[in-house]
2 protein chains.
Amino acid sequence: MARVSIKDVANRLGVSTATVSLVLNGKDKDGRVSENMAEKIRKEAKAMNYKPNNFARALRSGRSETIGLIIADISNPFFSHLAFHIQEHAERFGYSVIITNTNEDTAKMGKMISVLKSRQVDGFIIVPTENGKKYIDELLQDQFPLVLLDRYFSGINVSYVGVNNFQASMQATDYLLKCGCKRIALVIYKTNLRHMQERRDGYVAALAKYDLYDSRLIKEIDYRTIVNDMNRVVFDLMAGKEKIDGFFFSTNTISTLGLKKLAELNIKTPDDIKAVCFDKNDAFDFPGIAIPFVQQPIHEMGKRAVELLIEQMTRQQVLPVHEELTAILNKFS
Amino acid sequence: MARVSIKDVANRLGVSTATVSLVLNGKDKDGRVSENMAEKIRKEAKAMNYKPNNFARALRSGRSETIGLIIADISNPFFSHLAFHIQEHAERFGYSVIITNTNEDTAKMGKMISVLKSRQVDGFIIVPTENGKKYIDELLQDQFPLVLLDRYFSGINVSYVGVNNFQASMQATDYLLKCGCKRIALVIYKTNLRHMQERRDGYVAALAKYDLYDSRLIKEIDYRTIVNDMNRVVFDLMAGKEKIDGFFFSTNTISTLGLKKLAELNIKTPDDIKAVCFDKNDAFDFPGIAIPFVQQPIHEMGKRAVELLIEQMTRQQVLPVHEELTAILNKFS
DNA sequence: TATGATTAATTAATCGTTTTAGCAAATTTT
DNA sequence: AAAATTTGCTAAAACGATTAATTAATCATA
């Protein structure tokens, strides 16, 4: 059975497509269609199982009711949870979501923006890559509705949803200090993304208060060589070159690999060494692996990102909003 | 700057839109446009940064170059990895993917099919829910290109990509038997989905060979109450009501919860009890949690699903294909 | 030289929906 | 009762791309 168009419905009733369209879009009141006619049209459209052709509608209106979501990697649990909530929320507003991955590659992020532009999404939610500022600038230039998520750049006027990285990191570091740690190592990505710098700053601030800051205990690693880097860093730190008594792992992936290496070296937390981390991993639920972690309000982050974007897409002019949600240290499993 | 249409390019050169369209679609050879003109058009289109309007194109052609992917839950690592590979592969063919979740709810699966139909996707890749057969039947009736993934129904003529559940389960059970286990419990979802039944059958077949099959050792649990169910089942089994010396956890989620409960009860694997499971979880990389698992070729599954679908979408008539890939037991971390 | 074939372009219809402008008839206002 | 307004509907023009049908010119063939 072929698709039923508005014309089919109109022909069946011997009226014009305009009338049918008006009624089906709820504009029959001010479009002045008699209630009698309106009822007949609604009934017939239903009976014929009429479904609007979205392409025609989008062509006419220039709007696709679709959101483009660009994340680093959908197979990373942090992002997959984020994506889940974004979708569930977007759906409620009648929007579909096209998800694409950058794999932390800036060129790929550029390409994905192109792809989504060519799909004519109405707006973007983007977790940007390290050097992706220029692409974000371009989108802003072109007036695309846009919300940055999780990460942002300074010196750029754009809506953003993230967490209180500085505060939360300070809290996590404070926790280790309260446990009696004196020499706490931070393992963090080498990157100029602001949210990472804030995590570092929070750590530094907490230590500085007690005059315990030692820049040699900050270990920077590379996303591309993370497995090797982590093995090396953890091994070196534990091999006694520098005496440390605490670890602050600054992301989900870093902590998972760090803990793995520690377990491999037969070093137990929290007995042999204390550790905290940013973000959660499924593995942390296991008693043997239990580690306090900074819990991000992923649900809320997704929800707010969608809400801010939809506001931009539906209202004419909206001032950019920076929304910093609260992540707190979860001391139990 | 407003969007550049084909008409703008045509006007600038003083030619008709037809000529421009022919050239830009590479039909200038058989469409017979002079090489001279073709070159001019290509150059001008590029200079004006012409991008085709996908809605107009889709309206005209009836094709959206979009695939609808329906999975249970994008935040589950098995599915998020699957989604990742499906996307990467689809992208190579110029297709975008819209992902939606069912949360194992059949009504929601029906709704998601509607949503994707209204988005006019060219085809579907679906991980169906337990009672979703009728929806799949409908799609087939309407001749939609369709590939089922991971799970399927019997008595239905549709393309499918999955793994050798029976063989792999037998292999996993065999492994426990080789370890000396005599009473092996299977924890599995209560469902009529074929792939689960195959996993059960593989387990049964392996045990039957040695006359060790005992139906009381099969524990069925419910997806909706999985956390409670798992805690109860593992506790009961270990509390001595039935003496068991091995566990076969039949999915990713089941095994994670099962191992968690065991750890909580301070029971160690493989020292205190042996265990194997179907599918992988990040936690399994940890030495303390190491457990042999059946490893599914997720990359290949995604790749083949996309390939089979694209074949259906591009050729006229294609016979349904059942593709059973090989999952093998990974005995190490 | 007339005829047919080839080449190089254009015209105009089409996909399905939305929406502006406008026409007649019915109703209200003066 | 004429004028003004309201009501109920339609015609037709977009939106942008594709393509079958056509024209017109050039070239080759008999």
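Here, every reference points to the structure presented above.
How each quantity is defined
- Note on numbering: residues in each chain are counted from 1, in written sequence order.
- As they are written, the chains are lettered A onward and the ligands numbered 1 onward, keeping that order.
- The predicted origin of the model limits local features to residues at a pLDDT of at least 70 and limits the giving and counting of side-chain atom pairs to 80 or more, whereas totals for whole chains, interfaces and linings rest on all residues.
- Processing note: side-chain calculations cover all non-hydrogen atoms of the structure and skip hydrogens and water entirely.
- Put simply, DSSP H or I for four residues or longer makes a helix, DSSP E for two residues or longer makes a strand, and each gets a number counted from the N terminus.
- Note that the radius of gyration is over C-alpha atoms, with the globule rule given as 2.2 Å times the number of residues to the power 0.38.
- The cut-offs for exposure are 20% and 50% of the maximum accessible area for each residue type, with area from a 1.4 Å probe on protein chains only; residues under the lower value are buried, those over the upper are exposed, and the others partly exposed.
- Only heavy atoms matter for contacts: two residues are in contact if any of them lie within 4.5 Å across the pair.
- Per-residue and other accessible areas were derived by the Shrake-Rupley procedure at a 1.4 Å probe size, with only the shown protein chains allowed to occlude residues.
- Charged residues are defined narrowly, with Lys and Arg counted positive, Asp and Glu counted negative, and His plus the chain ends left uncounted.
- We put the charge of a Lys on NZ, of an Arg on CZ, of an Asp on CG and of a Glu on CD.
- One heavy atom within 4 Å of a molecule or strand makes the whole residue count as near it.
- By the criterion applied in these results, polar contacts are pairs of N or O atoms within 3.5 Å in which, for protein atoms, one can donate a hydrogen and the other can accept it, and in which residues neighboring in sequence qualify only through two side-chain atoms.
- When two parts are brought into contact, each loses some accessible area as probed by a 1.4 Å sphere; the total of that loss over both is the buried area.
- One side-chain nitrogen of Lys or Arg within 4 Å of one carboxyl oxygen of Asp or Glu is enough to make a salt bridge.

Peer 1: I would appreciate a short explanation of the overall build of chain A in the present structure.
Peer 2: When its secondary structure is counted, chain A shows 12 helices and 12 strands. Computed over the C-alpha atoms, the radius of gyration of chain A is 26 Å, more than 25% above the 20 Å expected from 2.2 N^0.38 for a compact globule of 333 residues. With respect to the three principal axes, the spread of C-alpha positions in chain A is 90 × 40 × 30 Å. Here chain A, with 333 residues, has 54% of them falling under the buried criterion. For chain A, the share of sequence-separated contacts (at least 6 apart) that also reach a separation of at least 24 residues comes to 68%. Total accessible area computed for chain A in this model is approximately 15,300 Å², and 49% of it derives from carbon and sulfur atoms. Once the 45 positive and 40 negative side-chain charges of chain A are each reduced to a mean point, those two points are 4 Å apart.

Peer 1: What is the right way to look at the protein's contact with DNA strand D in this model?
Peer 2: Near DNA strand D, the surroundings consist of 26 residues, among which Thr19(A), Ile6(B), Tyr50(B), Arg57(B) and Arg60(B) are the closest. Within 4 Å of the protein, the contacting atoms of DNA strand D are 60% sugar and phosphate, with bases supplying the remainder. Ser34(A) has a polar backbone atom sitting 2.8 Å from a phosphate oxygen of DNA strand D. Contact distances for DNA strand D include 3.0 Å between a phosphate oxygen and a side-chain N or O atom of Ser21(B). Looking at the surface near DNA strand D, the elements that each hand over two or more residues are α2 (17–24) and α4 (54–61) of chain A together with α2 (17–24) and α4 (54–61) of chain B.

Peer 1: What exactly am I supposed to notice about the interface of chain B and chain A here?
Peer 2: For interface size, the figure often reported is the accessible area lost on association. With 49 residues of chain B at the contact, the number on the chain A side is 49 residues. Counting each side, the surface lost to burial between chain B and chain A is near 4,200 Å², with a carbon and sulfur contribution of 56%. In this assembly, chain B and chain A are joined by four salt bridges. A salt bridge links Glu88(A) to Lys108(B), with the nearest nitrogen and oxygen atoms 2.7 Å apart.

Peer 1: Any chance you could explain unusual backbone geometry here in plain terms?
Peer 2: With the exception of glycine, most residues fall at negative phi, and the peptide bonds are largely trans. Residues and elements named next belong to chain A. Omega for the peptide link from Thr 269 to Pro 270 comes to 0°, which places this bond in the cis form. Along the polypeptide, Pro 270 turns up in the loop between α11 (252–264) and β9 (274–278). Phi is positive for Asn 103, close to 55°, though the residue is something other than glycine. Residue placement: Asn 103 occurs in the loop between β2 (96–101) and α6 (106–118).

Peer 1: When you look at the environment of Leu259(B) in this model, what are you seeing that I'm missing?
Peer 2: Within the fold, Leu259(B) resides in helix α11 (residues 252–264). For Leu259(B), a relative accessible area of 5% corresponds to the buried category. Excluding anything up to four places from it in sequence, Leu259(B) contacts Phe286(A), Phe249(B), Thr269(B), Phe284(B), Ile289(B) and Ile291(B).

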